[in-house]
Amino acid sequence: MDFLESSAVLVPALTVMALTLYNGDRNTLKWFEHEYCFSPQLQKNYTAHGLEMFFQAGTEKLIYHLEEPMGTHLITFKNCGQWDTVGGISFLGVGGQKLRVGFFRNLRQCGRSQPPL
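Now for a look at the structure at hand. Keep in mind that what you see is a predicted model, and the values were worked out from it rather than measured.

Here we look at the nonpolar core
If you look at the biggest cluster of nonpolar residues, it comprises 16 residues, and the most contacted ones within it are Phe32 and Phe55. Counting only elements with at least two residues in this core, the list comes to helix H2 (26-36), helix H3 (48-57) and strand E2 (63-67).

Given below as structure tokens:
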């Protein structure tokens, strides 16, 4: 297991944020949509098709911060041909301050037979 694969398991456990690694396997996008897309009409960038279209058009020179209508965010960048994505993240106001809340798999679910993303 390389550093990024290890990070994909450790980042959610340590920061309460999901890390998705996409290297062209459409099953990863389908899995992301299943786990994080609550409304395909409002979260088009969270669908497998929306993510695929975005990743095809994206460049390795930028870090992208996407916000969708339900108020969640994705931060993604392309590194050595692989997309690294943090999110979905929601920012909620609490007492005038912003609180980061991550949508992530419960640690007990890490044992499921699905790829670490």
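A look at unusual backbone geometry
You will see that Cys80, though not glycine, has its phi angle at about 55°, which is positive. Looking at where Cys80 falls in the secondary structure, it is placed in the loop between strand E3 (72-79) and strand E4 (82-94).

Quick notes on the packing of aromatic side chains
Within this structure, the stated rule accounts for nine aromatic pairs. An angle of 75° between the planes, with centres 5.7 Å apart, marks the rings of Phe32 and Tyr46 as edge-to-face. Residue Phe32 is found in helix H2, and its partner Tyr46 is found in the loop between H2 and H3; the two are separated by 14 residues along the sequence. Of the two residues examined, Phe32 and Tyr46, each falls in the buried class. Taking 4.9 Å as the distance between ring centres and 80° as the angle between the ring planes, the aromatic pair formed by Phe54 and Tyr64 counts as edge-to-face. Pair noted here: Phe54 is in helix H3 and Tyr64 is in strand E2, with a separation of ten residues, a long-range link. Taken as a pair, Phe54 and Tyr64 share a single burial class, namely buried. The rings of Tyr22, Phe54, Phe55, Tyr64 and Trp83 are connected pair by pair, giving a single aromatic cluster.

Observations regarding the pattern of salt bridges
Counted by the stated rule, this structure contains one salt bridge. Between Arg26 and Glu52 there is a salt bridge whose closest N-O contact spans 3.3 Å. With a gap of 26 residues between them, Arg26 in helix H2 and Glu52 in helix H3 connect regions that are remote in the sequence. We classify Arg26 as partly exposed; its relative accessible area is 32%.

The rules behind the values
Residues numbered from 1 in each chain as written. Predicted model: local features only at pLDDT ≥ 70, side-chain atom pairs only at ≥ 80, totals over all residues. Heavy atoms only, no water. Core = buried A, V, L, I, M, F, W, Y, C linked by side-chain atoms within 4.5 Å. Buried < 20%, exposed > 50% of the residue type's maximum accessible area, 1.4 Å probe, protein only. Helix = DSSP H or I, 4+ residues; strand = E, 2+ residues; numbered from the N terminus. Phe/Tyr/Trp six-rings, centres within 6.5 Å; stacked < 30°, edge-to-face > 60°. Salt bridge = Lys/Arg side-chain N within 4 Å of Asp/Glu carboxyl O.

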